[in-house]
Amino acid sequence: PRSLPAVSPPRRAAASSQSASPPQASAGDGAAPRPPPTEVPVPASYLEANEHHLGSLAEYETLYNQSVADPDAFWSTIAREFYWEKPWPADAPAVSWNFDPTAGPVYAHWWKGGRTNICYNALDVHVAAGRGDNVAFFFEPNGDDDDGRRRSVTYAELLADVCRTANALTAAGIRAGDGVVTYMPMGVQLPTVMLAAARIGAVHSVVFGGFSPAALAARLAAAGAAVIVTTDGVGRGAKWVPLKAAADEAIALAAAEYGHTVTTQLVVRGGGGGEADVPMVTGRDVWWDDALAGAADTAPVVWVDAEDPLFCLFTSGSTGAPKGVVHTVGGYMVGAATTFKFSFNYMPGDVYFCTADCGWITGHTYVTYGPLLNGATQVIFEGIPTYPDAGRLWAIVARYRVNILYTAPTALRSLKRAGDAYVTAHDTSSLKVLGTVGEPINPEAWDWYYSVVGDASATVVDSYWQTETGAHVIVPLPVAGLSLKPGCAQLPHLGIVPALLDDNGNVVEGEGEGNLVIARPWPSALRTLMGDHGRMESTYFSRFPGYYMTGDGARRDADGHLWLTGRIDDVLNVSGHRMGTAEVESAIVGVPSVAEAAVVGIPHEVTGEALYAFVVLMPGVEGNDGLRAAITAELRARIGPIARVETLHWVGGRGLPKTRSGKILRRLLRLIATGGGEGDLGDVSTLADPSVLDELLGRPVA
Ligand code: WTA
């Protein structure tokens, strides 16, 4: 069980021989790079070398039509493949819903009244079926395993660890429905805690280890969690991140600012590849090993309703505090497992590797739940793609003969920049599916992924979805007969009924562009926002009653394929991480001499989007390096290192461009930030004071 999976013979002998595209110009030979292709068929070599859940585009269409014609029957057939302690009522529809807030409260329920447990379906079911010796996780540490931490964990071992953890959580007072926050590095222990919480019906809230103490404090309070699990620290790249110290600060802040008490902090010693001397608070802090000492390696399953909450994950919106997106057990389970299987054409025996951290939705659905529900073997990676060098991911692919890779465009762009040699030094011929997520992938990065990493023998799956959708929504499914279009997410997933609406709410038929909405419920849809159902209705359902509004724009081409065109609201996307303009702006305004700030996103070669901040200072204050450093520090403290301003624009006394009602005209700021000039400004008649533009554009001010 601890050995590597059986190695299959390489699928292709020589690199590039069957490439559909002309050979890649190598860096430095003076040749102009060839333009990326506009259409590439799903590679024949991929189709021939693999078994398929969906044999062709026509098969997809048949299944898709079934899924929307009778969602109840379609999804219930799939749901019955899972273990239910108590089936949902036979005399009630599997799904009931309302997406129109003018007609009553918004809701979607799937299999309400049925009782199940996602942890049981992810672990116990496989062990009971004799698959306990299959590897669940190959753990790859940060760096290159200098200290011998590389290990594998089988399904049986994982189940035992999850049970011990569940018992420790129960001993800490956690009961079904209670919140548990984790603030941990990426590694086997994090999904272990998630699954343990799920096993006892508790609601996990994973907070990404890169968030600051202030951000963690707000999430602890909003999640109402009395228990937090953290780690002394973690090595990320060459840096040491002191998580326990940050968590201590967060617990104090949660008490001071929100009156929220954390009673128990479980601390994993050495969980992040090093040990730090961390002070422990008596009565509150407990070493993980002590909490688990003597804990039994079996634990009862708490059967919960399909509509009971499974987790709450905070994400950024255009306004206000982060939103706690709540997913429930039954629908999320079915959605996560089904999309994993079909999007990646996962087959038993495949080795899967997703580079996302469990701090984000991708790590929830496509590290913890989707793969384990399918009994898959996966690599879980603590580190970053560029450490110790830009070959790290490709070395991992070669070591485990990874078949399915799932990563982000921002990682691909930075690795592409490092040069093809990092890829070609490793054998990546095991790859069959190349997934991406987080933002639209630019055709150049797509082409590099396809031609260099996949050697034109693997298919690219550009998956569009959101924390709120819980699972894939629009994807170029890996099927025969589909022409892949770099940068296009293409096809609605099973059961997804997308629509484009113009700004007046009229449906855009055929070719055209509009607000991307979803017209019908799907199993893994968010159910509410933590503690604020009204905000859920107003954010996603009130602008276009009857539809779930994604907040993204999309275009439908002549083939009916969907291209995501970016956010239509004030949500920024830096390296695939969502950030609200309001969050960033309120942090900047937290610096004493700042009067006002407005932040827009500008295109960035590696991170996709970067922050460009317009900052208005208090009268008499001049912008300088000290202030810049203060702003950087404030952003780090309030949000975390991911909130890094690329360009600071000190705005003079006339201030920001606003309408008469005081609304900042972000459209104009975006134009200025991207170097737009006078000719591009368009209609500026709504400006309260047109002379602000003179100042912003550096024109002589009247
Ligand atoms: C963007 C991440 C285009 C989009 C799973 C969405 C994408 C937001 C893609 C959700 C993609 C994600 N193509 N845009 N393949 N994937 N997005 O909640 O703007 O962190 O609304 O979920 O990322 O980000 P979130």
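Predicted model only: the values in this text are computed from it and were never measured.

Trainee: Would you mind going over the overall build of the protein chain in detail, with residue names and values included?
Mentor: A tally of helices and strands in the protein chain yields 20 helices and 35 strands. For the protein chain, the C-alpha radius of gyration of 25 Å lies close to 27 Å, the compact-globule estimate for 702 residues. With the C-alpha coordinates aligned to their principal axes, the bounding extent of the protein chain is approximately 80 × 65 × 60 Å. Considering the protein chain as a whole, with its 702 residues, one finds that 57% of them fall into the buried category. Carbon and sulfur atoms make up 53% of the accessible area of the protein chain, which totals about 26100 Å². Charge-centre separation for the protein chain: the mean point of 51 positive side chains lies 1 Å from the mean point of 74 negative side chains.

Trainee: Now, about the sheet that holds strand β19 (residues 377–381): what can you tell me, with residues and values included?
Mentor: A sheet is described by the order of its strands in space; here seven strands give the open sequence β7-β6-β19-β18-β20-β21-β22, paired in mixed fashion. Either end of the sheet is taken by a strand with one partner, and the two such strands are β7 (151–154) and β22 (459–463). Neighbour-to-neighbour, the strand axes of this sheet turn through a mean angle of 20°, independent of strand direction. The pairing of strand β18 (residues 351–354) with β19 spans three bridges and is parallel. By the bridge assignment, V351 is partnered in β19 with T377. Helix α15 (residues 443–453) rests against β20 (404–407), β21 (433–437) and β22 of the sheet, and its axis sits at about 160° to β21.

Trainee: Tell me what's going on with the environment of P322, and back it up with residues and numbers.
Mentor: Positionally, P322 belongs in the loop between β16 (309–315) and β17 (323–328). It is 9.0 Å that separates the C-alpha atoms of P322 and M579, two residues lying 257 residues apart in sequence. If we skip the residues at most four places from it in the chain, P322 touches R219, F314, T315, R535 and E583.

Trainee: Can you explain the pattern of salt bridges? Please cite residues and give values.
Mentor: Counted by the stated rule, this structure contains 28 salt bridges. K323 is the partner of E468 in a salt bridge, and the nearest nitrogen-oxygen pair spans 3.9 Å. On the criterion of sequence distance, the pair formed by E468 in the loop between β22 and β23 (474–475) and K323 in strand β17 is long-range, its members being 145 residues apart. Judged by relative accessible area, which is 1%, E468 ranks as buried. By relative accessible area, which is 4% here, K323 ends up buried.

Trainee: Give me the packing of helix α4 (residues 118–131) against helix α6 (residues 189–199): which residues, what numbers.
Mentor: For the pair α4 and α6, interaxial distance at closest approach is 7 Å and the crossing angle is 120°. Helix-helix and strand crossings are classified by hand; for α4 and α6 the assignment is left-handed. Along the contact surface, α4 presents I118, C119, A122, L123 and D124, while α6 presents L195, A198 and R199. Tallied by class, residues from the contact of α4 with α6 come to six nonpolar, no polar and two charged.

Trainee: Break down the sheet that holds strand β30 (residues 562–567) for me, with residues and values.
Mentor: Across the sheet, which stays open at both edges, the four strands sit in the order β26-β27-β29-β30 with antiparallel pairing between neighbours. Each end of this open sheet is capped by a strand with a single partner; those strands are β26 (498–501) and β30. Each strand axis lies, on average, 45° off the axis of its neighbour in the sheet, ignoring direction. Summarising the sheet, β26 and strand β27 (residues 512–518) pair through four bridges and their orientation is antiparallel. Note on β27: the bridge partner recorded for L501 is N515.

Trainee: Describe in detail the UniProt feature "domain: Acetyl-coenzyme A synthetase N-terminal" (unreviewed entry) in the protein chain, supporting the description with residues and values.
Mentor: In the numbering used here, UniProt assigns the "domain: Acetyl-coenzyme A synthetase N-terminal" (unreviewed entry) feature to residues 60–122. When the span residues 60–122 is considered, its composition is 38% helix and 21% strand, and the gap between its end C-alpha atoms is 26 Å.

Trainee: Can you explain the environment of L696? Please cite residues and give values.
Mentor: Relative to the assigned elements, L696 resides in helix α20 (residues 691–696). Contacts of L696, omitting those with residues within four sequence positions, involve F614, H649, V651, P657, L669 and I672.

Trainee: So what's going on with the side chain of H577? Residues and values would help.
Mentor: Its place among the elements puts H577 in strand β32 (residues 577–580). In contact with H577, other than residues within four places in its own chain, are W360, L572 and I642.

Trainee: I'd like a rundown of the site of the ligand, residues and numbers included.
Mentor: Near the ligand there are 17 residues, and of these S463, T467, D552, R567 and R578 occur at the shortest range. At 3.1 Å, a backbone N or O of G438 approaches a nitrogen atom of the ligand. Within the side chain of T467, a nitrogen or oxygen atom sits 2.5 Å from an oxygen atom of the ligand. When isolated, the ligand has an accessible area of 530 Å², and the protein chains bury 95% of it. Counting residues per element, the ones that place at least two in the shell around the ligand are α11 (361–373), β22 and β30. Across the shell around the ligand, the residue classes tally to six nonpolar, six polar and five charged.

Parameters and conventions
Residues numbered from 1 in each chain as written. Predicted model: local features only at pLDDT ≥ 70, side-chain atom pairs only at ≥ 80, totals over all residues. Heavy atoms only, no water. Helix = DSSP H or I, 4+ residues; strand = E, 2+ residues; numbered from the N terminus. Rg over C-alpha atoms; globule rule 2.2 N^0.38 Å. Buried < 20%, exposed > 50% of the residue type's maximum accessible area, 1.4 Å probe, protein only. Areas by Shrake-Rupley, 256 points an atom, 1.4 Å probe, with all protein chains shown as cover. Lys, Arg positive; Asp, Glu negative; His and termini not counted. Charge placed at Lys NZ, Arg CZ, Asp CG, Glu CD. Pairing = 2+ DSSP bridges. Axes fitted to C-alpha atoms, helices over the stretch in contact; angles between N-to-C directions. Contact = heavy atoms within 4.5 Å. Salt bridge = Lys/Arg side-chain N within 4 Å of Asp/Glu carboxyl O. Left-handed = near helix turned anticlockwise from the far one by under 90°. Nonpolar A, V, L, I, M, F, W, Y, C, P; charged D, E, K, R; others polar. UniProt positions renumbered as here; feature names shortened; annotations may be inferred. Near = heavy atom within 4 Å. Polar contact = N/O pair within 3.5 Å; in protein donor to acceptor, adjacent residues only side chain to side chain.

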